[in-house]
Amino acid sequence: MPVLALAAALIAAVLVPFSAAPADAASAPRITDPVTMYDASWVVVTFASASTTVTYSAEDENGVVAGSGSGWAYGGKGTLDLTALGPGYYDLTITDAAGSTTTSIGIVSQLKASTDTSRFGITAHPDIHAASVDQTAAADAVGVATVRVDWRWETATVTRSGVTQDAKVTSEVDRLLAAGIRPVLVLAYYGSCDGGKTPSSRACIAAYADFAAKTARLYGTRVDYAVYNEPNAETNTSTCGKTPACYIALLKPASQAIKAAVPRATVTGPAVGAADGWWDEGGQARTWFAEFAALGGLAYVDQVTIHAYTLASTPEGKGENAVRVAKEIMAKAGRDLPLVVEEAGYTTAAGGLPEHAAGAFLVRDAALVLAAGATRYMPYNLIDAWNAPDNAAANFGLFHHEDVASGSVSPKHAAVTMAVLSRFVQNGVLTVEETGNDDVHSVKVTWPDGRVGRIVWAVAQAHAIAVADGGTVTVKDVYGDEASATAVANLTVLAVGGHPVYLTGTAAGTLQVLQ
């Protein structure tokens, strides 16, 4: 087939409209695995059923039945071997005599791989979820190296001898440490002084610094310490105000107290809040951060943290712009500190993005942010804050709230896409590759062993692309499954749309947009 004709056929094949996943149904059988993410090498799903036999059907991300069969239950419990499904996102329906239930599952290659060098992190909220929810296991599944955890002043007990915290929080921190994932404790928000507002008086700031120092003595260098969160936004109720000067008045003594207690501790900040155009010229975050740097605030942090949500449009031009602007401001101030985009993401509430679109957008945003020079990308957040499908703030999680799947933590599409992305880019150098077409984006990944990968997608419409002289090229979709491609002479030809594809070649090759 001629290359252009092949290109047209591939474009037609990739034009699959975004649609929401089917809703879960309440019924008798249920999956009992704590987190429904599985390694592709061995997918054994544990379920509970009062019947002796069940049937199952698994639909892929496009709603196509990818596997079906039956299983047995003994004493109310059973297992299903779904290894043959292969990597991907699936909605698994289990049916017994009492009815049916559907739960999402994710299957990922090398799910058990070490993530010590991961460029990804996440925010978890153990205090607002059931104690039985193992958030560390969910975080480990998506491939993160760090997890932000609220270390709330208002729930802590601070005495002359030290500090104790909510039991669910300390238990999760212990689990994270045991799993080799580094916690970042967000030291926030309000004490009993200053009328329960963000500390602003000299006495209340001193009490906050004491709280920070005693927390540092508790964990030493095993965790990082974030001084407050989004001081430019509504979380800051200080009577001083939301200005950089007011934040530095809190940051400086807290950072100094932490360093006095643990000299090698890592202090992060300012966690400046931002969404959409806040990092544009004249934008609130850009102006705030520039003033923060000019006032010397960068001297009191070891790692700069910024937030960059894209709520109203596609991610291109947003997160990477925030990174570029923040790095330029730091350079002007004569500082070169690690830069982390520690909050970004998309709500999947009714009226927001469909779950599979949010999964695709996460990959696009993260690839561009990391290629722009961010040290780490941390979407917000791990698990939906509560089970309220119509509430935008509740539905930023990569996983559904535990109530959706009767106590299990089940993935949204974004949990699977992030798990695949975190493994794909590990140990690689990311750079933006010019494609010659403004609609087609490519982030190149170069690994130490000489292999070259690409993360490629289109924004407005589908296109046919090819890798020329790339050697042996493997192609996978955004969920880690093998994707369709055709070899034509020295070309590997395929179609791309809004869902990124992963290309890995034994040689660098060149990327071409055919149509």
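Residues numbered from 1 in each chain as written. Predicted model: local features only at pLDDT ≥ 70, side-chain atom pairs only at ≥ 80, totals over all residues. Heavy atoms only, no water.

## Thoughts on the nonpolar core
Part 1: Among the nonpolar cores identified, the biggest contains 108 residues, and Trp279, Phe399 and Ile455 are the most heavily contacted of them.
Part 2: Ranked by size, the runner-up nonpolar core spans 18 residues in total, among them Ile31, Val54, Leu82 and Ile107. (Core = buried A, V, L, I, M, F, W, Y, C linked by side-chain atoms within 4.5 Å. Buried < 20%, exposed > 50% of the residue type's maximum accessible area, 1.4 Å probe, protein only.)

## As for the sheet that holds strand β20 (residues 440-446)
Part 1: Spatial strand order, β19-β20-β21-β26-β23: 5 strands in an open sheet with antiparallel pairing. Either end of the sheet is taken by a strand with one partner, and the two such strands are β19 (429-433) and β23 (473-476). Each neighbouring strand pair of the sheet contributes to a mean axis angle of 20°, computed without reference to strand direction.
Part 2: As paired strands, strand β21 (residues 452-458) and strand β26 (residues 501-505) are joined by 5 bridges and run antiparallel to one another. Bridge assignment links Arg454 to a residue of β26, and that residue is Leu503.
Part 3: Along the sheet, helix α9 (residues 413-425) makes contact with β19, β20, β21 and β26, crossing β26 at roughly 20°. (Pairing = 2+ DSSP bridges. Helix = DSSP H or I, 4+ residues; strand = E, 2+ residues; numbered from the N terminus. Axes fitted to C-alpha atoms, helices over the stretch in contact; angles between N-to-C directions. Contact = heavy atoms within 4.5 Å.)

## What about the confidence of the model for the chain?
Part 1: Across the chain, the average pLDDT comes to 93, with 94% of residues at or above 70.
Part 2: Here residues 1-26 is modelled with pLDDT under 50, and outside its nearest four sequence neighbours on either side it reaches 47 contacts, counting other chains as well. (pLDDT = per-residue confidence, 0-100.)

## Re the pattern of salt bridges
Part 1: Counting across every chain of the model gives 17 salt bridges.
Part 2: Taking the shortest distance from any N to any O, the salt bridge between Lys412 and Asp384 comes out at 2.8 Å. With Lys412 in the loop between β18 (376-377) and α9 and Asp384 in the loop between β18 and α9, this residue pair connects regions lying 28 residues apart in the sequence.
Part 3: Among the residues examined, Asp384 registers a relative accessible area of 4% and is labelled buried.
Part 4: Each of Asp127, Asp150, Arg152 and Glu154 takes part in salt bridges that share partners, so that together they form one network. (Salt bridge = Lys/Arg side-chain N within 4 Å of Asp/Glu carboxyl O.)

## Considerations on helix α8 (residues 355-371)
Part 1: In a regular helix each residue adds 1.5 Å, so 17 residues correspond to 24 Å; α8 covers 25 Å between its end C-alpha atoms and thus fits that length.
Part 2: Within α8, 17 of the 17 residues are buried, which leaves the element mostly enclosed by the surrounding structure.
Part 3: Of the residues trailing α8, Gly373 is marked for its positive phi of about 115°. (Expected span 1.5 Å × (residues − 1).)

## Some remarks on unusual backbone geometry
Part 1: Ala188 connects to Tyr189 through a cis peptide bond whose omega is 0°.
Part 2: Counting through the fold element by element, Tyr189 comes out in the loop between β13 (182-188) and α4 (202-219).
Part 3: Looking along the chain, the bond that leaves Tyr380 and enters Asn381 is cis, with omega of -5°.
Part 4: For Asn381, the position within the fold is in the loop between β18 and α9.
Part 5: Its identity as a non-glycine residue notwithstanding, Ser406 has a phi of 55°, on the positive side.
Part 6: If you check the backbone angles, Asn427 has positive phi at about 70° while not being a glycine.
Part 7: By secondary structure assignment, the location of Asn427 is in the loop between α9 and β19.

## What about the sheet that holds β13?
Part 1: Spatial strand order, β9-β10-β13-β14-β15-β16-β17-β18: 8 strands in an open sheet with parallel pairing. In this open sheet, the two strands that pair with only one neighbour each are β9 (121-124) and β18.
Part 2: Two elements, β13 and strand β14 (residues 224-227), share 4 bridges in a ladder whose sense is parallel. In the sheet register, Leu187 faces β14, and the bridge partner there is Val227.
Part 3: Across the sheet, helix α6 (residues 284-294) touches β15 (266-272) and β16 (303-307), and the angle it forms with β15 is around 140°.

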